[in-house]
Amino acid sequence: MHLRHLPFAARLSTLALLFVTAAACDVKTEGDSELSTQTAAVTSGTRLIGVQSGRCLDVSQNSQTSGQGLNIYDCHAQANQRFLFTPEGELRVFDGAWCVQPATTSAGARAVISACTGAANQRWVRNSNGAVVHTATSLCLDVSGQATANSSPVVVWNCNGQTNQQWSLPADTQPPTVPTGLTLSNVTCNSATLTWSPSTDNEGVAFYDVYHDGQLMKSVSAAVVSTGLTVVPGATWGLYVNARDAAGNVSQGSATLTITPPQCQVDTQAPSIPTGVTATALGTSVTVSWTASTDNVGVSAYDVFRGGVKIGTVSGSPPGTTLVDSGLSPNTTYAYTVLARDAQANASAQSTSATVTTGQACTNAVCSVSQVATDTDIPWGLVNLPDGTVLYGRRDAQNIVRLDPATGQKTSVGTVPNVQSTDGEGGLMGLALSPTFSTDRWLYVMHTSPTDNRIVRIRYENGALTTSSLQVLLSGIGRNKFHNGGRLRFGPDGKLYASTGDAQNAAYAQDLNNLAGKVLRLNADGTIPSDNPFGNYVWSYGHRNPQGLAFDSQGRLWEQEFGNSVMDETNLIQRGGNYGWPNCEGTVSQGGSGCATAGYIAPKRTYSTAEGSCSGIAVVRDVLYVACARGTRLYREVISGTELTNVQQFFVGTYGRLRTVEPTLDGNLWMTTTNQGDKDSIPDNSNERIFRVVLGQ
Ligand SMILES: [Ca+2]
Ligand SMILES: [Ca+2]
Ligand SMILES: [Ca+2]
Ligand SMILES: [Ca+2]
């Protein structure tokens, strides 16, 4: 039996018996030169360097034998010095095939390897001071007698903080290779097994992080390359994997593998037709309400029609039974009908209609919506030019378009050089116009490059980008498939603010020396402002994937941020503030001392990810507008003191996913959609719209 030809996952099955068998097979064939190469290419673990001796923790004799003792030895590249702390608390070695435990529970017992059992005597934790503590006995890994010579034995001993009990990680700044070869098996309606090919790393991979669509599903030890996932019946998800080493370096995301699990229960029966439909006008807004339908399985959504044309969708579990239709004409009669859908596309007939006549004038927060353009790519950043036209960037196509809203005429003004998309959410993102544009003609751009996210400026002159004028103002901001942040906004202080995502490495968000997971602040020429809080570009930190940035009339910065799978948040940014990611997501504790940690600044408002996932924000007359992708809606929130009040929702399901809102020069809003092709790098595979939204006074 040639187990080494089996998938890695099979070799690293949790069956201890198989570990032993697999290990034995590999040892038997070690004379084979191909295998020798394979042995040197360690895929998982890290060396642990004894601080006193400078020698590495090592399984003696490089022997995969149960009961073999640990010692210290000159550091080398073999698998008997690659140790792996698993999420379960094991300390594994030999590419994760063996577990470390004390031979007995007494101080002075030798640390040995044994088949992994999951038992409590195989649990360890490495503290921030470098001590490796055996959880069950609270004893520390210790070089016996403070010896420093090769082959000195390693035991467990009462923790004393001395350097023969401290184990450091090698300096490592190189991320693992990108995971490849994702495959799915055992797909049921609510579960699946995801398997991939192992990454390699200069030191060794420590974890694999499994995501769908930017949301972390789980982190698994690099001892496995296969894991069970919980999935949602009928929901299409894009799955991918990042590899992470012990030093915290994260690979780029793998290629995306799409899954659409089948329904658990075949349903062919439509919901009942909604009854009791009413329509009530207030000014030029109409509130449509109805009585909930019933279904053999469950109603998943209602579609609302005006004059036979679908104008909105209300979803949820259960979905709500009202919808506000805004921006109508005054003194006009409209007829509304509603139908109910279940999760398997069975739909009722439309209800009987309810008619209503709107008021004489707009007395509402939102008065009218008109489409000014369509685009086949994702409009992302958008700025006003002084002449009333706008420039917007096309994220995947990587060019910038000048749009005359009066005529709908669009002209490409040039492609931004060195943009590389990420088969995800990177690409050509935020735009900002110089506060002194009329004299300097600078257009500021945030984009993903082949190596990083960066902020550049390019002159826009005579209707075109002058590519030769390009200046890179700030580079080296972490990039990944998702979590690239990307908004730019000049403040009333003349400084440029930028939102950066954590590049799928949550640890970056709390690292003040890392530009990822931050709000950054730059002088207009790209230098560091002298009054920044940490002497670098960081203005605030502890952010996961912030995008929207906007200033209110008091010059305060509001920020919109994507959470993971629980909640999104709107923050009021303070100089030097810590906004809590990753230990705090919205108001939900996720690790450490969670949201109660001293110094964490709580969000001003949170949103469930299903009703949020918002990107762009804008402030007009001290009202905050929030454009939501997954939530397919626009929030209107009145800034009152330091709070957000009178929250209203508009366009729920009417235009689909929303990306960007920007004030117009005359105090209204531009609003863009992001419905298709916004999770890939393929240009021109979208069908998007740009609207002008007229606001009430
Ligand atoms: Ca590395
Ligand atoms: Ca049904
Ligand atoms: Ca936060
Ligand atoms: Ca695309």
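If you're wondering where the values come from, they're calculated on a predicted model, not measured in any experiment.

Trainee: Tell me about the environment of threonine 609, and name the residues and values.
Mentor: When you line up the elements, threonine 609 lands in the loop between strand 45 (605-608) and strand 46 (614-620). Overall, the relative accessible area of 5% leaves threonine 609 in the buried class. Each C-alpha atom of the pair threonine 609 and glutamate 569 lies 9.4 Å from the other, and the pair is 40 residues apart in sequence. Filtering out sequence-adjacent residues up to four positions away, threonine 609 remains in contact with Gln215, Asn564, Ser565, Val566, Met567, Asp568 and Arg630.

Trainee: A description of the coordination of the calcium ion (ligand 2) should follow, citing residues and the corresponding values.
Mentor: Taken together, Asp267 (OD), Asp267 (OD), Gln269 (O), Asp295 (OD), Asp295 (OD), Asn296 (OD1) and Asp342 (OD) make up the protein donors of the calcium ion (ligand 2), found 2.2 to 2.7 Å from the metal. All donors of the calcium ion (ligand 2) come from a single chain, and their spacing in sequence reads D-x1-Q-x25-D-N-x45-D. Linking aspartate 267 in the loop between strand 19 (257-259) and strand 20 (275-282) with aspartate 295 in the loop between strand 21 (285-291) and strand 22 (299-306), this pair joins segments that are 28 residues apart in sequence.

Trainee: Please give an account of the packing of aromatic side chains that cites residues and values.
Mentor: Overall, the coordinates contain 13 aromatic pairs when judged by the stated rule. With centroids separated by 5.1 Å and ring planes inclined at 65 degrees, the aromatic side chains of tyrosine 497 and phenylalanine 551 adopt a geometry described as edge-to-face. Taken together, the residues tyrosine 497 in strand 37 (residues 496-500) and phenylalanine 551 in strand 40 (residues 545-551) connect sequence positions 54 residues apart. Both rings, one in phenylalanine 534 and one in tyrosine 541, keep their centres 5.8 Å apart while their planes meet at 85 degrees; by these two values the pair is edge-to-face. Residue tyrosine 541 is classed as buried on the basis of its relative accessible area, which comes to 14%. Site record: aromatic cluster; members linked through ring pairs are Phe650, Phe651, Tyr655 and Phe691. Positioned above the aromatic ring of tyrosine 240 is the side chain of lysine 481, whose terminal nitrogen or guanidinium carbon lies 5.2 Å from the ring centre. Seen from the ring of tryptophan 581, arginine 544 lies directly overhead, with NZ or CZ sitting 5.5 Å from the centre.

Trainee: Describe the domain arrangement of the protein, listing the residues and the values that go with them.
Mentor: As far as domains go, the protein holds domain 1 (41-168), domain 2 (180-259), domain 3 (275-357) and domain 4 (366-695). Placing a centre on the C-alpha atoms of domain 1 and another on those of domain 4 gives a separation of 47 Å.

Cut-off values and rules
Residues numbered from 1 in each chain as written. Chains lettered and ligands numbered in written order. Predicted model: local features only at pLDDT ≥ 70, side-chain atom pairs only at ≥ 80, totals over all residues. Heavy atoms only, no water. Helix = DSSP H or I, 4+ residues; strand = E, 2+ residues; numbered from the N terminus. Buried < 20%, exposed > 50% of the residue type's maximum accessible area, 1.4 Å probe, protein only. Contact = heavy atoms within 4.5 Å. Donors = N, O, S within 2.8 Å, 3.2 Å for Na, K, Ca; no water. Phe/Tyr/Trp six-rings, centres within 6.5 Å; stacked < 30°, edge-to-face > 60°. Lys NZ or Arg CZ within 6 Å of the ring centre and 35° of its normal. Domains from an automatic or database assignment.

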